[in-house]
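What the coordinates show
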Amino acid sequence: MTEPIYKNKPTTVSRTSLIRQLLQIPVIVAALGYFVDIYDLLLFSIVRVQSLKDLGVGDADMLPTGIYLINMQMAGLLVGGIIWGILGDKRGRLSVLFGSILIYSLANIANGVVTSVDQYALLRFIAGIGLAGELGAGITLVAEILPKEIRGYGTSLVASVGLLGAVLAYFIADMFAWRNAYFIGGGLGLLLLLMRVSVIESGIFTSVKERETVSRGNFMKLFSSWSQFNKYIRCILIGLPVWFVAGILMTFSPEFGKALHLSEPIVAGKAVMWEYIGLSIGDLSSGIFSQYMNSRKKVLGLFLLLTAVLVAVYLYVPFQSAAVFYTICVGLGVGVGYWALFVTIAAEQFGTNLRATVATTVPNFVRGSINIMTPLFLLFKGELGIVNGAALLGLLTISIAYLGLWKMEETFGKDLDFLEH
């Protein structure tokens with residue numbers, strides 16, 4: 001059951017006001033916040049080999065130790081997604097933006113002084129908790145303050161700018177020692193806190209907060225009925241291929257390069273950088289296409305199809321050049337560049353009293369799914385080899401995403417002034 005809660009929102013937006021709407025301070029701050037978030041989130045994948053070698057990890061243990069640390073970071077994202085999602089609906093979107101960035105900034109600074117793998121793992125877990133709050137709160141805030149006619153442009157702008165944080169992470173890691181790269185990331189986060197002082201809360205949320213009888217941030221309400229759970233699980237399923245590409249194909253790209261007998265070694269940081277350049281292009285494109293086609297679902301289906309084709313090319317088309325490999329990484333990034341669109345769909349599915357909970361937990365459950373994907377990947381790799389094992393896992397994730405998209409509600413142009421009861 002839904003109930004309108006916030007009136008007096010603009011219903012039309014003139015062309016002359018489009019840029020002004022998109023460049024208002026909350027949108028800019030949300031984009032920069034996600035930029036720093038992605039920098040810190042992807043930094044471990046970029047410096048994995050260098051940092052673990054410095055901590056005394058041998059070549060034979062490099063892959064399992066890397067998987068262990070990634071799983072710890074993703075476990076933190078899973079826990080943090082629930083915590084920040086509930087707080088976002090109970091305390092407000094801004095409280096999450098402030099709290100999450102403070103935690104992951106301090107944790108990443110501490111990452112720069114670790115002396116053992118166990119310390120590294122604990123701090124990646126804490127950093128993961130902090131990193132969990134940024135995207136969902138930012139997308140929710142932007143979706144609620146922008147008119148529905150341009151909401152897709154706003155959320156895509158946030159993601160496309162934010163995803164370029166991976167590019168900065170690559171160049172910083174290339175120019176500085178891995179410990180200094182962590183210090184720089186933490187410092188950028190603390191600087192961003194100063195910008196957030198001038199950001200105002202969403203009017204829709206403020207209206208709901210004043211109504212003491214409204215239940216906000218009740219995570220268990222998502223499981224109170226089949227219709228609620230069905231909507232929620234679909235939102236998670238459609239995002240799985242994004243993290244299959246980022247967490248498996250890109251993070252372990254050096255191992256795939258060896259298996260494919262490329263002419264030169266593949267650098268994981270460079271593969272991640274090129275994929276995220278593609279992701280930024282894809283996120284901006286998917287948002288624009290969804291506005292043009294007046295549909296979220298059709299665009300998401302097309303991008304899933306592109307992803308399936310490019311995964312097959314990545315794994316099976318014979319080529320020797322590392323340059324071609326990195327070009328395919330860009331293409332894969334474009335294919336899974338529906339990340340902002342998928343989070344926007346999640347935010348639009350649910351009422352204001354559950355919106356931040358959903359928009360924050362959904363992407364982090366997708367990220368946390370790496371804890372299931374990596375054991376499956378190792379299992380399939382042992383039975384089928386690294387290439388065929390990855391292909392089977394990719395087929396599963398893309399098929400599951402299509403299953404989630406099937407019969408999902410179309411949310412393009414949907415008003416967000418309603419509550420869940």
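Residues numbered from 1 in each chain as written. Predicted model: local features only at pLDDT ≥ 70, side-chain atom pairs only at ≥ 80, totals over all residues. Heavy atoms only, no water.

Take the overall build of the protein chain next. Helices and strands together make up the secondary structure of the protein chain, namely 20 helices and zero strands. Relative to the 2.2 N^0.38 estimate, which gives 22 Å for 421 residues, the radius of gyration of the protein chain is 20 Å and therefore close to what a compact globule would have. In terms of overall dimensions, the protein chain has a C-alpha envelope of 60 × 45 × 40 Å along the principal axes. Within the protein chain, contacts between residues separated by at least 24 positions form 84% of all contacts whose residues are at least 6 apart in sequence. On the protein chain, roughly 15800 Å² of surface is accessible, and the fraction owed to carbon and sulfur atoms is 68%. Side chains of the protein chain carry 30 positive and 26 negative charges; the gap between the two charge centres is 6 Å. (Helix = DSSP H or I, 4+ residues; strand = E, 2+ residues; numbered from the N terminus. Rg over C-alpha atoms; globule rule 2.2 N^0.38 Å. Contact = heavy atoms within 4.5 Å. Areas by Shrake-Rupley, 256 points an atom, 1.4 Å probe, with all protein chains shown as cover. Lys, Arg positive; Asp, Glu negative; His and termini not counted. Charge placed at Lys NZ, Arg CZ, Asp CG, Glu CD.)

This part covers helix α12 (residues 240-250). α12 sits mainly inside the fold: 11 of its 11 residues count as buried. Within α12, burial applies to Leu240, Pro241, Val242, Trp243, Phe244, Val245, Ala246, Gly247, Ile248, Leu249 and Met250. (Buried < 20%, exposed > 50% of the residue type's maximum accessible area, 1.4 Å probe, protein only.)

A few words now on the side chain of Asp40. For Asp40, the position within the fold is in helix α2 (residues 25-54). Buried Asp40, no salt bridge; nearest opposite-charge side chain is Arg124, N-O distance 6.8 Å. Setting aside its immediate chain neighbours within four residues, Asp40 contacts Tyr104, Asn108, Arg124, Leu131, Gly185 and Gly186. (Salt bridge = Lys/Arg side-chain N within 4 Å of Asp/Glu carboxyl O.)

Moving on, we come to the layout of surface pockets. Here the largest pocket defines a volume of roughly 580 Å³. As for the largest pocket, its lining consists of 24 residues, of which Val49, Pro254, Ile266, Val267 and Ala268 are closest to the centre. Listed by contribution, the elements that provide at least two residues to the lining of the largest pocket are α2, α3 (59-90), α8 (165-175), α13 (253-259) and α14 (268-293). The biggest single contributor to the lining of the largest pocket is α2, with seven residues. Residues of the lining of the largest pocket, tallied by class, amount to 13 nonpolar, four polar and seven charged. (1 Å grid on protein atoms, 1.4 Å probe; cavity = no way out; pocket = protein on both sides within 12 Å on 5 of 7 lines; lining within 4 Å. Points joined across faces, edges and corners; volume = space filled by probe spheres on them. Nonpolar A, V, L, I, M, F, W, Y, C, P; charged D, E, K, R; others polar.)

In this section: the pattern of salt bridges. What the rule picks out here adds up to five salt bridges. Across the pair Arg355 and Glu144 runs a salt bridge, and its minimum N-O distance is 2.8 Å. Here Arg355 is found in helix α18 (residues 352-368), whereas its partner Glu144 is found in helix α6 (residues 134-145), with 211 residues between them in sequence. Since its relative accessible area comes to 0%, Arg355 is described here as buried. One network of salt bridges, in which partners are shared, links Arg151, Arg296 and Glu348.

The next point concerns empty space enclosed by the protein. Applying the stated rule across the entire model yields three cavities of 30 Å³ or more. The space that makes up the largest cavity amounts to roughly 80 Å³. Taken together, Leu41, Leu42, Phe44, Ser45, Ile70, Gln73, Met74, Trp243, Ala246, Gly247 and Thr251 make up the lining of the largest cavity. The dominant element in the lining of the largest cavity, judged by the number of residues it contributes, is α2, at four residues. Residue classes in the lining of the largest cavity are distributed as seven nonpolar, four polar and no charged. Quantified by volume, the second largest cavity comes out at close to 40 Å³. Taken together, Tyr34, Ile38, Leu163, Val242, Trp243, Tyr276, Leu279, Trp339 and Arg367 form the lining of the second largest cavity.

In this section: α2. If you check α2, its first and last C-alpha atoms are 41 Å apart, about what 30 residues at 1.5 Å a residue would give, namely 44 Å. At Arg48, α2 shows its largest bend, some 65°. The buried fraction of α2 amounts to 22 of the 30 residues, a majority that puts the element mostly inside the structure. Remark: Gly56 follows α2 within two positions and exhibits a positive phi of approximately 90°. (Expected span 1.5 Å × (residues − 1). Bend = angle between axes of the 7 residues up to and from the residue.)

This brings us to the environment of Ser207. Mapped onto the elements of the fold, Ser207 is located in helix α10 (residues 203-209). Distance in space between the C-alpha atoms of Ser207 and Trp406 is 34 Å, their sequence separation being 199 residues.

For the rest of this paragraph, the subject is the environment of Asn364. If you trace the backbone, Asn364 turns up in helix α18. A relative accessible area of 0% places Asn364 in the buried class. Put simply, Asn364 and Gly133 are 231 residues apart on the chain and 8.7 Å apart in space, counted from C-alpha to C-alpha. Within the structure, the side chain of Asn364 is placed 2.7 Å from the backbone oxygen of Thr360, a separation counted as a polar contact. (Polar contact = N/O pair within 3.5 Å; in protein donor to acceptor, adjacent residues only side chain to side chain.)

Before going further, it helps to examine the nonpolar core. Soluble globular proteins: nonpolar side chains tend toward being buried together. Of all hydrophobic cores here, the largest spans 126 residues; its most connected members are Tyr120, Ile248, Leu249, Phe256, Tyr276 and Tyr314. Top element by residues in this core is α2. It accounts for 14 residues. Contacts of Tyr276, omitting those with residues within four sequence positions, involve Ile38, Leu42, Leu163, Ala166, Trp243 and Ala246. (Core = buried A, V, L, I, M, F, W, Y, C linked by side-chain atoms within 4.5 Å.)

Next up on the list: the confidence of the model for the protein chain. On average, residues of the protein chain score 85 in pLDDT, and 90% of them reach the 70 mark or higher. Segment residues 1-11: pLDDT under 50, and 31 contacts once partners within four positions in sequence are set aside and those in other chains are kept. (pLDDT = per-residue confidence, 0-100.)

Further remarks concern the packing of α2 against α3. In contact at an axis separation of 10 Å, α2 and α3 are set at 150° when each is read in the N-to-C sense. Classified by the interaxial angle, the pair formed by α2 and α3 is roughly antiparallel. Considering the relative orientation of α2 and α3, their crossing is right-handed. For the pair α2 and α3, contact is made by Leu41, Phe44, Arg48, Val49, Leu52 and Lys53 and by Asp59, Met62, Leu63, Thr65, Gly66, Leu69, Ile70, Gln73 and Leu77, respectively. The residue makeup of the contact of α2 with α3, split by class, is nine nonpolar, three polar and three charged. (Axes fitted to C-alpha atoms, helices over the stretch in contact; angles between N-to-C directions. Parallel < 35°, antiparallel > 145°, perpendicular 65-115°, else oblique. Left-handed = near helix turned anticlockwise from the far one by under 90°.)

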